Every structure is written in structure tokens, then in C-alpha cells.
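As a plain string of letters, each chain reads:
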Amino acid sequence: MQKKVVIVGAGTAGLILAKQLALGGVDTTVHEAKKAIGDGIEKASGILSIEGLSSLGIDYADSVTNILDTAILHAGREQLVIKTTGAKAFVVDRRELARLCAKEATAAGAKIVLDSRLGREELKSIADGCILVGADGAVSNVASTFAFPKINEYVLTYKTEYENVDIDDYHTAELFFSNNSSHRFFAWTVPYSKERLEVGIGESMHSKRNSKSAFNTFINSSAISGRLDKAKQIYGCASIIPLECRKETVKGNVLLIGDAAGQVKATTGGGVIFGGMCAKSAARAILDHINKGTKLEMYDKAWRKDYGLDLKLHKLIHEYYSSLSSSGFEMVLKISKIAGVGSFLGKYGDMDKPSTILKNFILRGNKIR
Ligand SMILES: Cc1cc2nc3c(=O)[nH]c(=O)nc-3n(C[C@H](O)[C@H](O)[C@H](O)COP(=O)(O)OP(=O)(O)OC[C@H]3O[C@@H](n4cnc5c(N)ncnc54)[C@H](O)[C@@H]3O)c2cc1C
């Protein structure tokens, strides 16, 4: 039985796993292709539920840059305001969060090797003598090397950050739905602070456009034009988000976690919380395998049992909103507003667990307001 663990990728999922394994006394090494922890992470955003973030067991306080208490969904001329009772989400500096995760993994005894991109042959030879974990993100080399089932849909994103923005309410994030300009996904604005705003867009890979041209259409649209007149764009970058979980996440002694496994909310593309929680499931399965001789396949069963329902519900909701035409989405927002869906979600919403929203809806019958 292999007792050494090699993790490919020092994103949050890989680092959370490394910390848990090292705390359990396992010889753990993380290989990271980039020269520094968090390099390139500005491609992604950092809206995380406070409850989910707390469940990861990381001392994240120094990474928080803003608190969000309102979301506004736009479609055409309609909008739905969801104002939460109390703050439910943080905006975090993702680079800082990754650094904090690395600090805790190293303090626990894990080794991190930077500037070390592992190719196919190296991965195969490592898997000969160690437990190998692919935490290498959406385009996982580990998944392709060991022929894991494919992910059939990705969202292509383009994201920028502006400074000197006059932001009305910097505790409000906005989502803009239009199947014409952001096919099967949406565009968004997220305030990092009083005058720094992130603006981004995602489109299904099935759209024939690239994400930068979708972004240009969006910032010149009536939804946002005018707001950025005096603002200065700091950077812009493209990335990719998986929209479904892989059908298999363990093969022999090779496991996948995080984006590599597709453990992402298809509704919003958020993957830090589920990736981190599944990393903790992987740690428990690996420790049980090493200490008690149980099968590594238990990992696949465990994360699907604990998080599979919510990830499936995210996928269903994504399929529903993606199937709507722009005017159909506008109509849904209009009806939702009349039915009091905004205030219901403000009181009982849960960014990570649609099952909790359903439970609350069933418990409260038709008293949606
Ligand atoms: C535009 C955008 C916005 C997002 N917004 C949010 C959000 O608001 N909230 C949220 O929760 N999630 C968000 N996400 C998703 C989130 O960023 C991912 O789910 C999360 O980063 C996945 O973490 P991970 O550790 O699995 O992978 P990653 O963070 O992708 O880390 C993988 C690491 O592996 C390394 N690597 C890759 N290949 C190799 C190799 N061969 N050898 C060695 N190292 C390798 C990479 O350099 C990287 O550091 C967003 C994503 C995008 C693109």
C-alpha cells in the first residue's frame, strides 16, 4: 500500500488536501507549475459564502476585501433584488487566500515545490509508487493522462478590474442574463472596494464567439455603458470553468479534486467551497486507506453522498435558466418579483446549497414573503 501522496497543483483544493494529510502524519508533496503561490489566480473572482468559507478550516480573515449583502439579477428591463438579512458573502483576494492555505499546509508539514509542471511521463512514474492527486484545475493533465471521463461543457470567461469607479453601493453584486450576449451563462460586476470594480462575462464553449468579444459587447451595452466612463482598466484575462462533475474521480491510486473533478456550482461557476470540502473528503478517504486499509474509491462515494445532490441541483438550475430566451428570463424575473422570490431568497437563500432553499420553501408552504 502506497503511503506517500503527491498532489499536482497548489490551488486552494490541493493546498487544503495537503494540510489535512500532513496533519494526519502523511508524507505529502505538492507540485505547482507556477513560480509563486497564487500566480494567475486574478483570472478568477472571489465571491465566497461566509458559511462555506468557515467550513474549510482556513484562517482566511486577512484575505477578505469586501462584504456583500445584496445581489441584483438583471434581464432586459427587469431586475430582481435579493437583499440578505445580514451579510452572507465575502469578496476575498484569491491570491492572499491561496497564500494563507499554503502557509497552513507548510506549517502542518507538507512540502510545496514551485515552478514544477508535471508532464504525462512524470505523472505515470509517480503513480507507480505513490497516491497521486490531480488538483490541477479545469484543464487537468492528470485527468487526461489517466483517461478519466471527459467534462462535456465548459464556460469561457473574460474578466477585468477597473479602478476609479463611482460605485453606488459597494456591497452589491450584479448579474446580467442574456442568452444573446452571454450564451448559457451571464455577465457580472463585483465591487472589491468603494472604487474598484470587477467586470466579467462567461459564455458556453458551444457559443461560437470568444469571451473577449462577448465582453466588449457587454461593456458597450446599455446595461453597463456610462458606469465606466472615468474608470481605468487595470488588466483583462480569459479563463475557463467546468460546468459538470466528472463521472469518475478515482482510478486505482489516482484521485481528482476541485476543478479537475468538476466540483463546481454550475449556476455561478463557484468552485472554491465545494472543491475545498471535497478535498477534505479526499483527505479522510486517503487517511482511512493508509491507516485502516479501506479502498480509495470511498472518496468518490463520500463526496457524492455529501455534496452530489447540491451540485446536481446547481446543474438543473443552470439548465433551466440557460434554456430561457432573453425575453423568457425577463418574464421569469417579473413573475418572481410579484411572487416575492427576492425577499424569500434574502431570508432563506443559501449560495452553496439549493437543497436548503428547497427545504425552507417546503417547510414554509406558500408563505413565500
Ligand atoms: C472568471 C472566474 C470567476 C470565478 N469566480 C469564482 C467565485 O467568485 N467563487 C468561487 O468559489 N469560485 C470562482 N471561480 C472558480 C474557482 O476559481 C475555481 O473553482 C478554483 O480556483 C478551483 O480551485 P482548484 O484548486 O481546484 O484549481 P486551481 O485554482 O485552478 O489550481 C490549479 C493549480 O494547478 C496548477 N497546475 C496545473 N497543471 C499543473 C501541472 N501539470 N503541474 C503542476 N501544477 C499544475 C496551476 O498552476 C494552478 O495553480 C471562478 C473562476 C473563474 C474562471
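The numbering scheme is per chain: residues are counted from 1 as the chain's sequence reads. Predicted model: local features are reported for residues with pLDDT of at least 70 only, side-chain atom pairs are reported and counted for 80 or more only, and whole-chain, interface and lining totals are derived from all residues. Values reported for side chains reflect all heavy atoms of the structure, with hydrogen atoms and water molecules removed beforehand.

### Points about the site of the ligand
One heavy atom suffices: a residue is near a molecule or strand as soon as one of its heavy atoms comes within 4 Å of it. Near the ligand lie 33 residues; those nearest to it are Glu-32, Ala-33, Ile-47, Arg-94 and Asp-259. Thr-12 is positioned such that a nitrogen or oxygen atom in its backbone is 3.3 Å from an oxygen atom of the ligand. Ala-13 places a main-chain nitrogen or oxygen 3.1 Å from an oxygen atom of the ligand. In short, Shrake-Rupley with a 1.4 Å probe defines the accessible areas, and a residue's cover is counted only from the protein chains shown. For the ligand, whose free accessible area comes to 1,000 Å², the fraction covered by protein is 89%. The helix and strand labels rest on DSSP assignments: H or I over at least four residues marks a helix, E over at least two residues marks a strand, and numbering proceeds from the N terminus. Those elements that place two or more of their residues in the shell around the ligand are helix H1 (12-23), strand S3 (47-49) and strand S14 (232-242). Polar contact is the term for a pair of N or O atoms within 3.5 Å; when the atoms are in protein, one must be able to donate a hydrogen and the other to accept it, and sequence-neighboring residues count only if both atoms are side-chain atoms.

### Side note on the pattern of salt bridges
The rule for a salt bridge is simple: a side-chain nitrogen of Lys or Arg has to be within 4 Å of a carboxyl oxygen of Asp or Glu. Evaluation of the coordinates by the stated rule reveals 18 salt bridges. One salt bridge in this structure joins Glu-203 and Arg-209, with 3.0 Å as the shortest N-O distance. Think of it in three bands: residues with accessible area under 20% of the maximum for their type are buried, residues over 50% are exposed, and the middle band is partly exposed, with areas taken using a 1.4 Å probe on protein chains only. The class of Glu-203 is buried, set by a relative accessible area of 2%. For Arg-209, a relative accessible area of 27% gives the class partly exposed. The salt bridge involving Arg-304 is made with Asp-300; its shortest N-O contact spans 2.7 Å. Within this pair, Arg-304 and its partner Asp-300 are both found in helix H8 (residues 298-323), separated by four residues, close to a single helical turn. For Arg-304, a relative accessible area of 28% gives the class partly exposed. On the accessibility criterion, Asp-300 (15% relative accessible area) is buried. Each of the salt bridges in this network shares a partner with another, and the network as a whole consists of Glu-153, Arg-184, Lys-315 and Glu-319.

### Structural notes on the packing of helix H7 (residues 272-292) against H8
Contact pair H7 / H8: the axes reach a minimum separation of 7 Å and the direction vectors enclose 160 degrees. Here H7 is positioned roughly antiparallel relative to H8, judged by the angle of their axes. Between H7 and H8 the crossing geometry is right-handed. Taking contact as the criterion, the partners of Phe-274, Met-277, Cys-278, Ser-281, Ala-282 and Ala-285 in H7 are, on H8, Met-298, Tyr-299, Trp-303, Tyr-307, Asp-310, Leu-311 and His-314. Under the grouping applied here, Gly and all other residues not named as nonpolar or charged are polar, the nonpolar ones being Ala, Val, Leu, Ile, Met, Phe, Trp, Tyr, Cys and Pro and the charged ones Asp, Glu, Lys and Arg. Of the residues belonging to the contact of H7 with H8, the class tally is 10 nonpolar, two polar and one charged. The convention used is that axes are lines fitted to C-alpha atoms, helices contributing only their stretch in contact, and that angles between N-to-C directions extend from 0 to 180 degrees. Working rule for angles: under 35 degrees goes down as roughly parallel, over 145 as roughly antiparallel, 65 to 115 as roughly perpendicular, anything else as oblique. Put simply, a crossing is left-handed when the front helix is turned counterclockwise from the back one by less than a right angle, and right-handed when it is turned clockwise. Any two residues whose heavy atoms approach within 4.5 Å are treated as being in contact.

### Here we look at the domain arrangement of the protein chain
The split of the chain into domains comes from an automatic or database domain assignment. In terms of domains, the protein chain is made up of domain 1 (4-46 + 93-151 + 246-318) and domain 2 (154-242). Computed from C-alpha atoms alone, the centre-to-centre distance between domain 1 and domain 2 is 28 Å. With 16 residues of domain 1 in contact, the opposing surface of domain 2 contributes 15 residues. Accessible area that two parts lose when put together, evaluated with a 1.4 Å probe and summed over both, is termed the buried area. Both faces considered, domain 1 and domain 2 share a buried interface measuring about 1,200 Å² in area, 60% of it formed by carbon and sulfur atoms. Looking at the side of domain 1 facing domain 2, the largest losses of area belong to Lys-43, Ile-151 and His-318, adding up to 37% of the total buried there. Summed over the shared surface of domain 1 and domain 2, the result is six residue pairs in polar contact (both at pLDDT 80 or more). Among the residues forming the side of domain 1 that touches domain 2, the class breakdown is six nonpolar, six polar and four charged.

### Some points on unusual backbone geometry
With a phi close to 55 degrees, Asp-115 is a non-glycine residue in the positive phi region. Here Asp-115 is to be found in the loop between strand S8 (111-113) and helix H4 (120-129). Even without being glycine, Asn-164 reaches a positive phi, approximately 60 degrees. Since its relative accessible area comes to 44%, Asn-164 is described here as partly exposed.

### A few points about the packing of H8 against helix H11 (residues 354-363)
Interhelical geometry of H8 versus H11 gives an angle of 85 degrees and a closest axis separation of 8 Å. Looking at the two axes, H8 sits roughly perpendicular to H11. Residues Leu-309, Asp-310, Leu-313, His-314 and Ile-317 of H8 pack against Pro-354, Ser-355 and Leu-358 of H11. Its residues assigned to classes, the contact of H8 with H11 comprises five nonpolar, two polar and one charged.

### Quick look at the sheet that holds S14
Think of it this way: DSSP has to see at least two bridges between two strands before they count as a pair. What the seven strands build is an open sheet, ordered S6-S5-S11-S12-S13-S10-S14; its pairing is mixed. With one partner strand each, in any of the chains shown, strand S6 (78-83) and S14 form the two edges of the open sheet. Between one strand and the next, the sheet's axes are offset by a mean angle of 15 degrees, whatever the strand orientation. Bridging between strand S5 (residues 70-75) and S6 involves six bridges; their strand directions are antiparallel.

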